[in-house]
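Geometric and topological summary
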Amino acid sequence: MYRFCLILIMAVLKCFSDYIQSYFLICAVFPGATSFLFTEYRYLTIFMGVFGAIIFLFLGSVKGFSTKSEPCTYNTGSLCKPALANALFSTIAFLLGATTSVLSGFLGMKIATYANARTTLEARKGVGKAFIVAFRSGAVMGFLLAASGLLVLYVSIHLFSLYYGDDWEGLYESITGYGLGGSSMALFGRVGGGIYTKAADVGADLVGKVERNIPEDDPRNPAVIADNVGDNVGDIAGMGSDLFGSYAESSCAALFVASISSFGISHDYTAMSYPLIISSVGIVVCLGTTLFATDFVEIKNVSEIEPSLKRQLVISTVLMTAGIAIVSFFALPSEFTLFNFGSTKTVKNWHLFFCVSIGLWAGLVIGYTTEYYTSNAYSPVQDVADSCRTGAATNVIFGLALGYKSVIIPIFAIAIAIYVSFSMAAMYGIAVAALGMLSTIATGLAIDAYGPISDNAGGIAEMAGMSHKIRQRTDALDAAGNTTAAIGKGFAIGSAALVSLALFGAFVSRAGIETVDVLTPKVFIGLIVGAMLPYWFSAMTMKSVGSAALKMVEEVRRQFNTIPGLMEGRAKPDYATCVKISTDASLREMIPPGALVMLTPLIAGTLFGVETLAGVLAGSLVSGVQVAISASNTGGAWDNAKKYIEAGASEHARSLGPKGSDPHKAAVIGDTIGDPLKDTSGPSLNILIKLMAVESLVFAPFFATHGGLLFKLL
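Each chain carries its own residue numbering, running from 1 in the written order of its sequence. The model is predicted, so local features are restricted to residues of pLDDT at least 70 and side-chain atom pairs to those at 80 or more, both for listing and for counting; the totals for chains, interfaces and linings are taken over all residues. Values reported for side chains reflect all heavy atoms of the structure, with hydrogen atoms and water molecules removed beforehand.

Right, let's talk about the overall build of the protein chain for a bit. To qualify as a helix, a DSSP run of H or I must reach at least 4 residues; to qualify as a strand, a run of E must reach at least 2; elements of each kind are numbered from the N terminus. Scanning the protein chain from N- to C-terminus turns up 23 helices and four strands. The globule rule puts the C-alpha radius of gyration for 714 residues at 27 Å, and the 25 Å found for the protein chain is close to it. Overall, the protein chain is about 90 × 55 × 45 Å in size when its C-alpha atoms are taken along their principal axes. Accessible area is worked out with a 1.4 Å probe on protein chains only. A residue is then buried under 20% of its type maximum, exposed over 50%, and partly exposed in between. Residues counted as buried form 62% of the 714 residues belonging to the protein chain. Computation of the radius of gyration draws on C-alpha atoms, with the globule rule given as 2.2 Å multiplied by the number of residues to the power 0.38.

Listed below in structure tokens is the structure:
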């Protein structure tokens, strides 16, 4: 009896020990993430004020700050509100979009930091319980983002209409500032968070795993807390702001094009609200879809995790297709006209059903293609892992080749979606196709956020010294999460291409450009400069990660060399110094890439005019999408090739291992090179092409009136 009581007491103490250690780790990670985001948001608040003033001054000067009503640009014969009102309400919309984007990122980070520890604790009961917690936490973030973005946009439209009344042209032109605000915050969130997390990750891996041969997330590693903080501020907060930006811009592009078509001219409110209704139906569909992962089908073993996540994509796509059909036939008139570059195009309601649906299914094709090229269950990643036999050089060569090849199918999917949607419904068709791809954003964000949550859960298990079995379960969750995170990035990049093209069309219409002729010197110089911008941007972000990682590696080495007993576990590392290195580097280094993106449209439009700016937008779109897909998939493949060797789940994988072997060290080097590609440069590029397009649309009246100063002087 005494022995039984002793065993029981020890079990209870062990249980409480796990809880206590998890709590203390949350206390280390959460304040670090919160402190970084608050510091970042202080900088961004200044930016919001300055750029808001620029929007007001530039747009207000179009008509000399006149307060008189002006003839409408598209609805000829009617009077629209003055340009000064457009300047004021565009500024307000910009601030609303920026604030909503910031809140989306911050609340997502807060949800994730608590979910990390809960997932770790549930892993003691089994992999199925841990999966449910991780997935539901991601779903909460997905629904929060989708619902808040839709709610703020809906309320803004109704509040603005109190002033604009029947002037829907001016109302929805000013609403485009909402997309600009969301995307500008997403840029700094993605770049700043990406630099933070990858500086810590690279430093922790190179010194800890390669030089010191200690496990990943080992508490002896000085950079381990910074790494876990980075996962929350980069992969969660940054990614949340990114997808919110896409969501806001696709809605704004569709609403603007509709406002200058028969919907807006005839004031058909139901048809005008078609993009918002599609998004609303998407939330309901995604709510039902999540039940298949958490309630209807129980996860019993590791092999069921990844198929369950992939089923989410298929089920949400099928259900959403039915939802689109219902909305298209009940919310739209049977026949209507859409604006088509100076002319009108007669469209039927079933045309829009096909436009939205093809965007939705193109997203599924991109998601599955991304999964094929980044999951270690298929031959491409296994070939990359096998190349590690001969060292890091061949690993890098194989990884780059995989990334370039992975571009082919997504580009064809995007091209087909563009051709079909434009043929059926002109630029409005492309805008709603982008909205279709993002209509299941809540599910996409759920499976995307699931990855970083599972990754951090594994880190907490390692740092808390939990059993090997728990770590195996969290590693299994993390392995599936790596693939789903890559799928999420594929969705974001694909939707960015469609959103950017829709915004590009709206800009061309608003700027009064009849044709964009690439043989015209003004357009062609913009085209080649625009195609160069993604490479310039990538160079800046990659170098920023490299510089920060260099300092991190030196600091981690210093601590291992100078702190007695650190390797033996008798002394604690100085986590705070590593956190400070990542924080200072990310806040400092996020400014130049952000300035490049924000200033390029202003400089090109003001000095060279709308035709050159149109070339810049087209060039950055064509180049940026392909560089982004390649970078994201290359980094994802290297990451999963490393995990393939570490897991040793097959005879081939075991022949390359174990951890610490030469092939494993080569895989770690490839993974380290890929970190800034898949988590900093690649995801940020889709924001580059969207942000430049929506910024050009917002400032189009100014560029059309005062742009091209340099050519005027010549």
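The next thing to look at is unusual backbone geometry. Phi is positive for Phe65, close to 55°, though the residue is something other than glycine. With respect to the helices and strands, the residue Phe65 is situated in the loop between helix H1 (2-60) and strand S1 (70-71). Given a relative accessible area of 38%, Phe65 falls into the partly exposed group. Its identity as a non-glycine residue notwithstanding, Asn213 has a phi of 55°, on the positive side. If you trace the backbone, Asn213 turns up in the loop between helix H4 (168-211) and helix H5 (224-259).

Geometrically, a packed helix pair is captured by the angle between its two axes and the distance between the axes. The convention used is that axes are lines fitted to C-alpha atoms, helices contributing only their stretch in contact, and that angles between N-to-C directions extend from 0 to 180 degrees. Interaxial distance between helix H2 (residues 83-122) and helix H3 (residues 127-164) falls to 9 Å at its minimum, and their mutual angle equals 165°. Judged by the inter-axis angle, H2 sits roughly antiparallel to H3. Considering the relative orientation of H2 and H3, their crossing is right-handed. Its residues assigned to classes, the contact of H2 with H3 comprises 19 nonpolar, nine polar and three charged. If an angle is under 35 degrees, it is roughly parallel; if it is over 145, roughly antiparallel; if it lies from 65 to 115, roughly perpendicular; otherwise it is oblique. By definition, turning the near helix anticlockwise from the far helix through less than a right angle yields a left-handed crossing, and turning it clockwise yields a right-handed one. By the convention adopted, Pro, Cys, Tyr, Trp, Phe, Met, Ile, Leu, Val and Ala count as nonpolar, Lys, Arg, Asp and Glu as charged, and the other residues, Gly among them, as polar.

With that settled, consider the confidence of the model for the protein chain. Counting all residues, the mean pLDDT for the protein chain is 85, and 95% of those residues have values of 70 or more. By definition, pLDDT measures how confident the predictor is in each residue, and it falls between 0 and 100. When mean pLDDT is taken per element in the protein chain, helix H12 (residues 392-405) scores highest with 95 and H1 scores lowest with 67. Within the model, pLDDT remains below 50 along residues 1-24, and this stretch shows 13 contacts once partners closer than five positions in the same chain are excluded. The criterion used for residue contact is that any of the two residues' heavy atoms lie within 4.5 Å.

This next bit is on the pattern of salt bridges. A side chain of one charge can pair with a side chain of the opposite charge if their charged atoms are brought near each other. One speaks of a salt bridge when a side-chain nitrogen belonging to Lys or Arg is within 4 Å of a carboxyl oxygen belonging to Asp or Glu. Under the definition given, this model contains 21 salt bridges. We note a salt bridge from Asp679 to Lys198, for which the minimum N-O separation is 3.0 Å. You can see Asp679 sitting in helix H21 (residues 662-698) and its partner Lys198 sitting in helix H4, a full 481 residues away along the chain. Across the pair, exposure class does not vary: Asp679 and Lys198 are buried alike. One salt bridge connects Lys642 with Asp639, and the closest N-O pair in it is separated by 3.8 Å. Of this pair, Lys642 and Asp639 both sit in helix H19 (residues 610-647), three residues apart, roughly one helical turn. Considered together, Lys642 and Asp639 belong to a single accessibility category, that of buried residues. Because the salt bridges share partners, they merge into one network encompassing Lys198, Asp201, Asp639, Lys642, Lys643, Asp671, Asp675, Lys678 and Asp679.

Attention shifts here to the nonpolar core. In plain words, nonpolar cores are sets of buried Ala, Val, Leu, Ile, Met, Phe, Trp, Tyr and Cys residues tied together by side-chain atoms within 4.5 Å. Counting residues in hydrophobic clusters, the biggest one holds 201 residues, and the most contacted among them are Tyr274, Ile305, Tyr428 and Phe507. Setting aside residues no more than four positions away along its own chain, Tyr274 makes contact with Ile324, Val327, Ser328, Ala331, Leu332, Leu352, Phe353, Val356, Tyr428 and Val432. Within the second largest apolar cluster, 17 residues are counted, among which are Tyr373, Val384, Ala666 and Leu677.

Patch membership requires more than 30% relative accessible area and the absence of a salt bridge. Residues of like charge join within 9 Å; the nonpolar side chains Val, Leu, Ile, Met, Phe, Trp and Tyr join within 5 Å. Method for areas: the Shrake-Rupley scheme with a 1.4 Å probe, in which residue coverage is limited to the protein chains shown. A surface patch of nonpolar side chains, about 690 Å² in accessible area, is lined by Val518, Leu519, Phe524, Ile528, Val529, Met532 and Trp536. The class for Met532 is partly exposed, based on a relative accessible area of 34%.

Since the α-helix turns once every 3.6 residues, residues separated by three or four places project in the same direction. Take the residue count of a helix, subtract one, and multiply by 1.5 Å to get its expected span. The first and last C-alpha atoms of H5 sit 51 Å apart over 36 residues, in line with the 52 Å expected at 1.5 Å per residue. Take the seven residues that end at a residue and the seven that start at it, fit an axis to each, and the angle between those axes is the bend at that residue. The sharpest bend along H5 measures roughly 25° and falls at Met239.

Centres within 6.5 Å are what make two rings of Phe, Tyr or Trp a pair, Trp counting through its six-membered ring; a difference in plane orientation under 30 degrees is then read as stacked, over 60 as edge-to-face, and the rest as tilted. This model, assessed by the stated rule, comprises 25 aromatic pairs. Taking the centre distance of 5.6 Å and the plane angle of 45° together, the rings of Phe51 and Phe94 count as tilted. With Phe51 in helix H1 and Phe94 in helix H2, the pair connects residues that are 43 residues apart, well separated along the chain. Residue class for Phe51 comes out buried when judged on its relative accessible area of 4%.

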